[in-house]
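In case you want the letters, here they are:
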Amino acid sequence: MKKITSFTVDHNTLEKGIYISRIDGDITTYDMRFIKPNTPPFLPNPVMHTIEHLFATYSRNSEYADNVIYFGPMGCRTGFYFLVKDLDNQTALDLIKETLKKCIDHKGDIPGNTAIECGNYLEHDVEGANEALKKYFEIIKDYKVEQLDYNYCK
């Protein structure tokens, strides 16, 4: 059976950061790696859930809303995938940084956090999400497009 693209990446050499995971036509998948693979502690589910609600909401309310396809967690709990269409890498990188800043600065209720809107609305951790977002932003705040290649961290 053919391996999926993400299983062909050497997770032993992968560092925290942002990478281009794959390009499918006009859709680019970015690997937003918050945690170095196989180095616990991993992101707790409530933290990931809160980040997902915030990042998805802010990115889909940006000037590039029509270009955002998906934002969601990795099963290994080390980060997220962000899929966009028809955006060059610099614009996508800028969008990621701006969205992270908005998530960090968010005050008030978590968007989409009622029993009607979410299938697990009670499992959130705003403080933990804010801490994880701040740590991650410090890692990627000065990121350049050339760093988006998985080979950059080798």
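Now for a quick tour of the structure. (Residues numbered from 1 in each chain as written. Predicted model: local features only at pLDDT ≥ 70, side-chain atom pairs only at ≥ 80, totals over all residues. Heavy atoms only, no water.)

Of the pockets and cavities examined, the largest pocket occupies roughly 280 Å³. Residue lining of the largest pocket: 16 residues in total, with Ile-35, Pro-41, Leu-43, Ala-132 and Lys-135 positioned closest to the centre. In the lining of the largest pocket, the residues fall into eleven nonpolar, two polar and three charged. Taken as a whole, the second largest pocket spans an internal volume of roughly 210 Å³. Taken together, 13 residues line the second largest pocket, and the ones lying closest to its centre are His-11, Arg-33, Met-74, Cys-76 and Thr-78. Of the residues in the lining of the second largest pocket, the class split is seven nonpolar, five polar and one charged. (1 Å grid on protein atoms, 1.4 Å probe; cavity = no way out; pocket = protein on both sides within 12 Å on 5 of 7 lines; lining within 4 Å. Points joined across faces, edges and corners; volume = space filled by probe spheres on them. Nonpolar A, V, L, I, M, F, W, Y, C, P; charged D, E, K, R; others polar.)

Here the focus is the nonpolar core. Counting residues in hydrophobic clusters, the biggest one holds 37 residues, and the most contacted among them are Ile-18, Met-32, Phe-34, Ile-51, Phe-82 and Leu-100. Looking at this core, the elements that each hand over two or more residues are β1 (17-24), β2 (27-33), α1 (45-59), β3 (68-73), β4 (79-85), α2 (89-105) and α3 (126-140). Examining the composition of this core, we find that seven residues originate from one element, α2, more than from any other. Setting aside residues up to four positions removed in sequence, Met-32 forms contacts with Gly-17, Phe-55, Phe-71, Met-74, Thr-78, Gly-79, Phe-80, Phe-82, Ile-96, Leu-100 and Tyr-136. (Core = buried A, V, L, I, M, F, W, Y, C linked by side-chain atoms within 4.5 Å. Buried < 20%, exposed > 50% of the residue type's maximum accessible area, 1.4 Å probe, protein only. Helix = DSSP H or I, 4+ residues; strand = E, 2+ residues; numbered from the N terminus. Contact = heavy atoms within 4.5 Å.)

Now for the packing of α1 against α2. Packed helix pairs are characterised by how far apart their axes lie and by the angle those axes make with each other. Two elements in contact, α1 and α2, have axes separated by 9 Å at closest approach and are oriented at 125 degrees. With respect to each other, α1 and α2 are oriented oblique. When you trace α1 past α2, the crossing you get is right-handed. Listed contacts from α2 to Leu-54, Phe-55, Tyr-58 and Ser-59 of α1 are Ile-96, Thr-99, Leu-100, Lys-102 and Cys-103. Across the contact of α1 with α2, the residue classes tally to six nonpolar, two polar and one charged. (Axes fitted to C-alpha atoms, helices over the stretch in contact; angles between N-to-C directions. Parallel < 35°, antiparallel > 145°, perpendicular 65-115°, else oblique. Left-handed = near helix turned anticlockwise from the far one by under 90°.)

The next point concerns the pattern of salt bridges. Under the defined criterion, the tally for this structure stands at six salt bridges. Asp-24 is the partner of Arg-22 in a salt bridge, and the nearest nitrogen-oxygen pair spans 2.7 Å. Look at Asp-24 and you get partly exposed, because its relative accessible area is 36%. The salt bridge involving Lys-135 is made with Glu-131; its shortest N-O contact spans 3.3 Å. Separated by four residues within a single helix, Lys-135 and Glu-131 lie in helix α3, roughly one turn from each other. (Salt bridge = Lys/Arg side-chain N within 4 Å of Asp/Glu carboxyl O.)

Here we have four strands laid out as an open sheet, ordered β1-β2-β4-β3, and antiparallel in their pairing. Each edge of the open sheet carries a strand with a single partner, namely β1 and β3. Looking at each pair of strands side by side, their axes are set apart by 15 degrees on average, direction ignored. Where β3 lies against β4, five bridges are found, and the strand directions are antiparallel. Of the residues in β4, the one forming a bridge with Tyr-70 is Leu-83. Contacts between α1 and the sheet are confined to β2, β3 and β4, with β3 contributing the most and set at about 170 degrees to the helix. (Pairing = 2+ DSSP bridges.)

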